[in-house]
Amino acid sequence: MTNKISAKPAEPKLLSGGNPQIVKGEGDGPVQAYIAAMPGWKSDVGRRLDALIMQTVPDAHKAVKWNSPFYGVKGDGWFLGIHCYNKYMKVAFFRGAALQPVPPEESRTAQTRYFHIHEQDEIDEAQFTSWVKQASLLPGEKM
């Protein structure tokens, strides 16, 4: 009789600000690992955002880069990224200044706009999916 000890996979480390440290990778797997590692309420919101993005742009390309999930159109760059902070999640629309209405949070770069989500926030899913659809039709950001 052999005793097998199976090693439990290491939990992802949370970086300063509460963002999961996930190995860079292409496809759904790394994005789902990032979402699963999001702390507290952010994981549920991450799953909902991922579902809304994929319902809106079913052929969206996914990747984790710089410890953040990115969504784009294959061969055309990235239109959206998500990042966790201690008190909120930040959704970056890389061509957000061209969206109608423009997402509320400004960036240091003229074209990028952000949408912040706090724990108690109700997400206007119709507005969010409208931004996602509009963003997916614009030239993507090459990163």
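Note that the coordinates shown come from a computational prediction; the quantities given were computed from them, not determined experimentally. (Residues numbered from 1 in each chain as written. Predicted model: local features only at pLDDT ≥ 70, side-chain atom pairs only at ≥ 80, totals over all residues. Heavy atoms only, no water.)

With that settled, consider the confidence of the model for the protein. Model confidence for the protein is summarised by a mean pLDDT of 90, while 87% of its residues fall at 70 or above. Considering each helix and strand of the protein separately, the mean pLDDT is smallest for strand 1 (residues 25-26), with a value of 92, and largest for helix 3 (residues 125-137), with 98. (pLDDT = per-residue confidence, 0-100. Helix = DSSP H or I, 4+ residues; strand = E, 2+ residues; numbered from the N terminus.)

This part is about the nonpolar core. Counting 29 residues, the largest nonpolar core has Leu80, Ile82, Met89, Val91, Phe93 and Phe128 as the members making the most contacts within it. Of all the elements in the fold, those that place two or more residues in this core are helix 1 (28-37), helix 2 (41-56), strand 4 (77-84), strand 5 (88-93), strand 7 (113-118) and helix 3. The residues contacting methionine 89, other than those within four sequence positions of it, are Met38, Trp41, Lys42, Val45, Gly46, Leu49, Ile82, His83, Cys84, Phe115, His116 and Ile117. (Core = buried A, V, L, I, M, F, W, Y, C linked by side-chain atoms within 4.5 Å. Buried < 20%, exposed > 50% of the residue type's maximum accessible area, 1.4 Å probe, protein only. Contact = heavy atoms within 4.5 Å.)

This next bit is on the packing of helix 2 against helix 3. Axis separation between helix 2 and helix 3 bottoms out at 9 Å; the angle between their running directions is 55 degrees. Classed by the angle they form, the pair helix 2 and helix 3 counts as oblique. You can see that helix 2 and helix 3 cross each other, and the crossing is right-handed. Residues Arg48, Leu49, Leu52, Ile53 and Thr56 of helix 2 lie in contact with helix 3, whose contacting residues are Glu125, Phe128, Thr129, Val132 and Lys133. (Axes fitted to C-alpha atoms, helices over the stretch in contact; angles between N-to-C directions. Parallel < 35°, antiparallel > 145°, perpendicular 65-115°, else oblique. Left-handed = near helix turned anticlockwise from the far one by under 90°.)

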